[in-house]
Amino acid sequence: MRLSLLALVLVLPFAGALSACEGNSFFGEPRLRADTVSLAAATSATTLATAINLVPQGLGGPLESFPETPADADRYDFTVRVVGGQLVLRPFVPIGSGSGAEIGRSTRDFDALREAPRSGADYGEEAVPLVLKATYIMRSRPWSNGVQRCQTYAKAKVTALDAAAQTVRLAVVLNENCDDERLAD
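Keep in mind that this is a model prediction, so the values were computed, not measured.

Rules used throughout
- Residues numbered from 1 in each chain as written.
- Predicted model: local features only at pLDDT ≥ 70, side-chain atom pairs only at ≥ 80, totals over all residues.
- Heavy atoms only, no water.
- Helix = DSSP H or I, 4+ residues; strand = E, 2+ residues; numbered from the N terminus.
- Contact = heavy atoms within 4.5 Å.
- Polar contact = N/O pair within 3.5 Å; in protein donor to acceptor, adjacent residues only side chain to side chain.
- Disulfide = S-S within 2.5 Å.
- Buried < 20%, exposed > 50% of the residue type's maximum accessible area, 1.4 Å probe, protein only.
- Core = buried A, V, L, I, M, F, W, Y, C linked by side-chain atoms within 4.5 Å.
- Phe/Tyr/Trp six-rings, centres within 6.5 Å; stacked < 30°, edge-to-face > 60°.
- Lys NZ or Arg CZ within 6 Å of the ring centre and 35° of its normal.

A. Quick peek at the environment of Thr 135. With respect to the helices, strands and loops of the structure, Thr 135 is situated in strand β8 (residues 135–139). It is 6.1 Å that separates the C-alpha atoms of Thr 135 and Arg 105, two residues lying 30 residues apart in sequence. In this structure, Thr 135 is in contact with Gly 104, Arg 105, Ser 106, Arg 108, Asp 109, Phe 110, Leu 113, Ala 156 and Lys 157, ignoring residues within four places of it in sequence. Engagement of the side chain of Thr 135 in a polar contact is seen with the backbone nitrogen of Phe 110, the distance being 3.2 Å.

B. Structural view of the state of the cysteines. Counting across every chain of the model gives 1 disulfide. The side chain of Cys 150 participates in a disulfide bridge whose partner is Cys 178; the two sulfur atoms lie 2.1 Å from each other. The S-S bond linking Cys 150 to Cys 178 shows a torsion near -90 degrees; that makes this disulfide left-handed. Highlighted residues: Cys 150 in strand β10 (residues 149–150) and Cys 178 in the segment after β12 (167–175), separated in sequence by 28 residues. One exposure class covers both Cys 150 and Cys 178, and it is buried.

C. Up close: the nonpolar core. Grouped together as the largest cluster of nonpolar side chains are 24 residues, with contacts concentrated most on Leu 39, Phe 78, Leu 89, Met 138 and Leu 170. Looking at this core, the elements with two or more residues in it are β1 (32–40), β4 (78–83), β5 (86–91), β8, β11 (153–162) and β12. A per-element tally of this core places β12 first, with 4 residues. Residue contacts for Leu 89: discarding those within four places in its chain leaves Phe 78, Thr 79, Val 80, Ile 103, Ala 127, Val 128, Leu 130, Met 138 and Leu 170. Ranked by size, the runner-up nonpolar core spans 6 residues in total, among them Leu 113, Ala 116, Tyr 123 and Tyr 153.

D. Looking closely at the packing of aromatic side chains. Applying the stated rule across the entire model yields 2 aromatic pairs. Here Tyr 76 and Phe 92 contribute two aromatic rings whose centre-to-centre distance is 5.4 Å and whose plane-to-plane angle is 70 degrees, an arrangement assigned as edge-to-face. Placement of the pair is Tyr 76 in the loop between β3 (64–66) and β4 and Phe 92 in the loop between β5 and β6 (102–106), with a sequence separation of 16 residues. The class of Phe 92 is buried, set by a relative accessible area of 17%. The positively charged end of Arg 139 is found above the aromatic ring belonging to Tyr 123, 4.2 Å away from the centroid.

So far we have only geometry, and geometry alone does not tell us how the molecule works.
Now the structure itself:
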């Protein structure tokens, strides 16, 4: 009886965590969201958004993008900047924590990239230059689904780039599930 009770005490929290985390790639279907966002560098004189957020904000809505204000400093995952005359996408990394958003350039074609890599070696916290038709892999900053620490995986492709206007258009596919790296059905 004690052994059964002990097994039940050990297994129930784990079972609850599994069912509550619908984003584990071993369970359920991916919740993919495809969107196109137009962004501009914060230094440009445009009304376009300058940042995007991959952390899920609710089902079915557009990918969150917005102009930055000082109050938004911890709300976005990536911002467009100009570095050395080139547009870059810079991940948000909290000062001193090293636990922020990450990005990498993929060698695979956007449509052929069906799953984001899990290895940290494929991502970095440094800004990456934006190149027309290039494909990028992205991981959001950590967030909580109420049960566990999660990250959102995404892929992006530069579909338009105007260096003079400091603007970029990205096609983005992200999986809103917790730690689910699948980017295609």
